[in-house]
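As a plain string of letters, each chain reads:
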Amino acid sequence: MIHWIRKLGAFAIEQVAFLGRCGLFLWLVLRGIGRPPGKTWFVLQQIRFVGSKSLFVIGFTAAFTGMVLGLQGFYTLSKFGSEGLLGSAVALSIIRELGPVLSALMVTGRAGSAMCAEIGIMRIDEQIDALECMAVDPHSYLVTPRLLACLIALPLLTSFFDVVGMVGGYLVGVELLGVNPGSYLDGIHSSVEWEDVFMGFVKSLVFSVLIIWICTYKGYFAGYDEGAYGPEQVSRATTNAVVLASVAILVSDYVVTSILI
Amino acid sequence: MNSSDFCTVEGLDSYYGNRQVLYDVRFRIPRNRITVIMGASGCGKTTLLRHLIGLKPCRPGQVLVEGKDLGAFNSRELMLYRRRTGVLFQSGALFNSLSVAENIAVPLRVHTKLADETIRIICSIKLHMVGLAEFRDYMPSQLSGGMRKRAGLARALAMDPEILFVDEPSSGLDPITAAGLDRLILDLRETLGMTIVVVTHELESAFQIADQLIVLDYGRVLVAGTANEVRGSPDPRVVQFLGRQADSKPPDLGKYRASLLQ
């Protein structure tokens, strides 16, 4: 009996310590925003990595998401004779929900995993220790520029996703299935309001913080729990980071929607 | 504490979880001298080094730097201490995404407001000191093991540290490159009067460069003194270590397995 109580206590202490580490990590990253060294060049490099290098995969995903929405939307709406609402359905689904979520998932898979692996390798190769020994704050030097870059790049990628997705819906709905182009475009114009765009924008900011927080934390502490630092720990950290960040995006999507709706 | 000492270690114990790795370690690091910490693999040399450079916290009163308690340093004091130290890691620990010169420029860019041209000149001087002047634009992955260590040394020297910590400078290097690094460490002491702490298990290298030797075994200091004092030590483990003799009994694998399971 005492053995189980002890185990439960140890588990509880471990979880509290984990939460404390996560919170402290985020605080140290945010604290680095106004601190030297200057981050402009590093932020620009990261915007290129997170943003422009993700354009193709985001555009590709957005086009097919819009196309399938056009197809499914037409099928559903035609049952009620409301094909004219296809533009509204596609636009609202993409701007409010699918744009921010799918963009964030793509960025997690492409850039978040790479960041986790890069920082994990720096950890096992003593490069993070070297930064500390040079009196350089690794949070501010390594993670803060990535956070700033993602906060800039992900909303832009989401906007790009939204536009390409609606074009995809137009191609299938109007060009392929014969919906009136005027009603498609007018549906978008009349139904999309600033609140919808704002919701997508807020979501992409929240997702940016989550992606960077989770992926860089996992890399930074790769092997910490096991007390062993090697390639296996980096590979495990990268897998965990992608899974955890993806789940966090979906859960936080519900929370943000329920707050803003 | 003697005023000629940079650092004093007084009764340092160290643990990884419940496993104790250092037991009541005591010694002093004199200024402008080369102190070599040596011992068999796994004896706690690197752990001791991590305490000295503030990467592994120590309890108050165990490590004194110029009479001030390293264990009681706040984050600002620790930062200031680290600006006075340089560390060469075993692998070099160069940042893979930066060129050799950019690696050296990192601490200069963070801690100084020097112009880019000045930083470029300082990088060239440091690279010249370690004989890598022609490799400033190379990426770390394009360098050999010995060159990576020399580049790491150039980076450790970037801020002109008062004390230099060097982890296993000769390991994995051929005898000629290793001798070159030893020569470089001696030059640093002779020309710049630097205080240097070297962790190694290479006997030849240790005796060649050391002003003071500290021999560790299973986390305890067996002997500390000059090369002659260490050579004359009657301690059987020191004799065995210096004579490169294998253990008479093979390691008890059952006991080792039990300790792992525990």
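Thresholds applied
- Throughout this document, residue positions are counted from 1 along each chain, in the order its sequence is written.
- Chains and ligands are labelled by the order in which they are written, letters from A for the one and numbers from 1 for the other.
- Confidence filtering applies because this is a predicted model: local features only for residues at pLDDT of at least 70, side-chain atom pairs given and counted only at 80 or more, and all residues used for totals across whole chains, interfaces and linings.
- Calculation of side-chain values draws on the structure's entire complement of heavy atoms; hydrogens and water are dropped beforehand.
- By definition, residues are in contact when any of their heavy atoms lie within 4.5 Å.
- Buried area is calculated as the accessible area (1.4 Å probe) missing from two parts once they are joined, with the contributions of both summed.
- Here, a salt bridge means any side-chain nitrogen of Lys or Arg that lies within 4 Å of a carboxyl oxygen of Asp or Glu.
- The term polar contact refers here to a pair of N or O atoms within 3.5 Å; inside protein, the definition further demands a hydrogen-donor-capable atom paired with an acceptor-capable atom, and it admits residues adjacent in sequence only when both atoms are side-chain atoms.
- Numbering of helices and strands starts at the N terminus; helices are DSSP runs of H or I of at least 4 residues and strands are runs of E of at least 2.
- Three exposure classes are used, based on accessible area relative to the maximum for each residue type with a 1.4 Å probe and protein chains only: buried under 20%, partly exposed in between, and exposed over 50%.
- All the domain ranges listed were derived from an automatic or database domain assignment.
- Charged means Asp, Glu, Lys or Arg here, nonpolar means Ala, Val, Leu, Ile, Met, Phe, Trp, Tyr, Cys or Pro, and polar covers whatever is left, Gly included.
- Definition used in this section: a nonpolar core is a set of buried Ala, Val, Leu, Ile, Met, Phe, Trp, Tyr and Cys residues joined via side-chain atoms within 4.5 Å.
- Only the contacting stretch of a helix is used when fitting its axis, a line to C-alpha atoms as for every element, and angles between N-to-C directions run 0 to 180 degrees.
- If an angle is under 35 degrees, it is roughly parallel; if it is over 145, roughly antiparallel; if it lies from 65 to 115, roughly perpendicular; otherwise it is oblique.
- Less than a right angle of anticlockwise turn of the near helix away from the far helix marks a crossing as left-handed, whereas a clockwise turn marks it as right-handed.
- Centres within 6.5 Å are what make two rings of Phe, Tyr or Trp a pair, Trp counting through its six-membered ring; a difference in plane orientation under 30 degrees is then read as stacked, over 60 as edge-to-face, and the rest as tilted.
- As a reminder, the over-ring test applies to NZ of lysine and CZ of arginine, requiring each to be within 6 Å of the ring centre and within 35 degrees of the ring normal.

Some words on the interface of chain A and chain B
Thought 1: If you look at the interface, chain A gives 16 residues, while chain B gives 23 residues.
Thought 2: Around 1,600 Å² of area is buried between chain A and chain B when both sides are counted, 62% of it from carbon and sulfur atoms.
Thought 3: It is Cys133(A), Met134(A) and Ala135(A) in chain A that bury the most area against chain B; as a group they hold 35% of the surface buried on that side.
Thought 4: If you look at where chain A meets chain B, you find two salt bridges.
Thought 5: Taken together, the connections running from chain A to chain B amount to five residue pairs in polar contact (both at pLDDT 80 or more).

Considering the side chain of Asp217(B)
All names here are of chain B.
Thought 1: Mapping Asp 217 onto the fold places it in strand β9 (residues 212-217).
Thought 2: By relative accessible area, Asp 217 is classed as buried at 10%.
Thought 3: Here Arg 237 takes part through its side chain, which lies 2.8 Å from a polar atom of the side chain of Asp 217.
Thought 4: Not counting residues up to four positions away in its chain, the partners in contact with Asp 217 are Cys 43, Leu 222 and Arg 237.

Regarding the pattern of salt bridges
Thought 1: Taken as a whole, this structure holds 24 salt bridges over all chains when the rule is applied.
Thought 2: Across the pair Asp137(A) and Arg31(A) runs a salt bridge whose closest N-O atoms are separated by 4.0 Å. In this pair, Asp137(A) sits in the loop between α5 (127-133) and α6 (138-176) while Arg31(A) sits in helix α1 (residues 2-31), placing the two residues 106 residues apart along the sequence.
Thought 3: Relative accessible area serves as the criterion here: at 18%, Asp137(A) is assigned to the buried category.
Thought 4: Its salt-bridge partner being Arg84(B), residue Glu162(B) comes within 2.8 Å of it at the nearest N-O pair. Placement of the pair is Glu162(B) in the loop between α5 (145-156) and β7 (163-167) and Arg84(B) in the loop between α2 (75-83) and β6 (85-88), with a sequence separation of 78 residues.
Thought 5: Judged by relative accessible area, which is 35%, Glu162(B) ranks as partly exposed.
Thought 6: Classification of Arg84(B) as partly exposed rests on a relative accessible area of 24%.
Thought 7: The network of salt bridges with shared partners includes Arg183(B), Asp187(B), Arg189(B), Glu190(B) and Asp211(B).

Some points on the environment of Tyr15(B)
Residues and elements named next belong to chain B.
Thought 1: Examined against the element boundaries, Tyr 15 turns out to sit in strand β1 (residues 5-16).
Thought 2: Separated by 32 residues in the primary sequence, Tyr 15 and Thr 47 place their C-alpha atoms 9.3 Å from one another.
Thought 3: With residues up to four places along the chain from it excluded, the contact list for Tyr 15 reads Gln 20, Val 21 and Lys 56.
Thought 4: Looking at Tyr 15, its side chain comes within polar contact range of the side chain of Gln 20, at 3.5 Å.

Considering the domain arrangement of chain B
All names here are of chain B.
Thought 1: Here chain B is described as being made up of domain 1 (5-84 + 162-261) and domain 2 (93-161).
Thought 2: Inter-centroid distance (C-alpha atoms) of domain 1 to domain 2 is 26 Å.
Thought 3: In this complex, domain 1 contributes 16 residues to the contact, which on the side of domain 2 involves 13 residues.
Thought 4: Here domain 1 and domain 2 share an interface that buries about 1,100 Å² over both sides, 74% of which is from carbon and sulfur atoms.
Thought 5: Where domain 1 touches domain 2, the interface holds zero salt bridges.
Thought 6: On inspection of domain 1 and its partner domain 2, the count reaches three residue pairs in polar contact (both at pLDDT 80 or more).
Thought 7: Elements with a contribution of two residues or more to the side of domain 1 that touches domain 2: β7 and α6 (175-192).
Thought 8: Tallying contributions element by element places α6 first for the side of domain 1 that touches domain 2, with five residues.
Thought 9: Here the side of domain 1 that touches domain 2 is composed, by residue class, of nine nonpolar, three polar and four charged.

Describing the nonpolar core
Thought 1: Among the nonpolar cores identified, the biggest contains 61 residues, and Val107(A), Leu131(A) and Val106(B) are the most heavily contacted of them.
Thought 2: For this core, the element with the highest residue contribution is helix α4 (residues 86-124) of chain A, accounting for 13 residues.
Thought 3: Residues contacting Val106(B), with those up to four places away along its chain left out, are Leu131(A), Met134(A), Val136(A), Tyr141(A), Phe95(B) and Leu98(B).

Observations regarding the packing of helix α3 (residues 100-111) of chain B against helix α4 (residues 116-129) of chain B
Residue and element names in this part refer to chain B.
Thought 1: One way to put it is that α3 packs onto α4 with a least axis distance of 9 Å and a crossing angle of 120°. With respect to α4, the element α3 is oriented oblique. Where α3 crosses over α4, the handedness of that crossing is right-handed. Contact residues: Val 100, Ala 101, Ile 104, Ala 105, Leu 108 and Arg 109 in α3; Asp 116, Ile 119, Ile 122, Cys 123, Lys 126 and Leu 127 in α4.
Thought 2: Tallied by class, the residues present in the contact of α3 with α4 amount to nine nonpolar, no polar and three charged.

Some remarks on the packing of α6(A) against helix α7 (residues 181-191) of chain A
Residues and elements named next belong to chain A.
Thought 1: Where α6 contacts α7, the two axes come as close as 10 Å, and the packing angle between them is 150°. Judged by the angle between their axes, α6 and α7 are roughly antiparallel. In terms of crossing hand, the pair formed by α6 and α7 is right-handed. Together, Met 166, Gly 169, Tyr 170 and Val 174 of α6 and Pro 181, Tyr 184, Leu 185 and Ile 188 of α7 make up the contact between the two elements.

Brief notes about the packing of aromatic side chains
Residues and elements named next belong to chain A.
Thought 1: With the rule as written, the count across this model stands at 14 aromatic pairs over all chains.
Thought 2: Arranged with centres 5.5 Å apart and planes meeting at 85°, the rings of Phe 25 and Tyr 217 form a pair that is edge-to-face. With Phe 25 in helix α1 and Tyr 217 in helix α8 (residues 194-220), the pair connects residues that are 192 residues apart, well separated along the chain.
Thought 3: Judged by relative accessible area, which is 2%, Phe 25 ranks as buried.
Thought 4: The buried category is assigned to Tyr 217, whose relative accessible area is 6%.
Thought 5: For the pair Phe 25 and Phe 221, a centre-to-centre distance of 6.2 Å together with 65° between the ring planes defines the contact as edge-to-face. Within this pair, whereas Phe 25 is found in helix α1, its partner Phe 221 is found in the loop between α8 and α9 (231-260), the two being separated by 196 residues in sequence. Judged on exposure class, the residue Phe 25 and its partner Phe 221 are both buried.
Thought 6: Members of the aromatic cluster, each reached through a chain of ring pairs, are Phe 18, Phe 25, Tyr 217, Tyr 220, Phe 221 and Tyr 224.
Thought 7: Above the face of the Phe 49 ring, Arg 110 is positioned so that its terminal group lies 4.9 Å from the ring centre.

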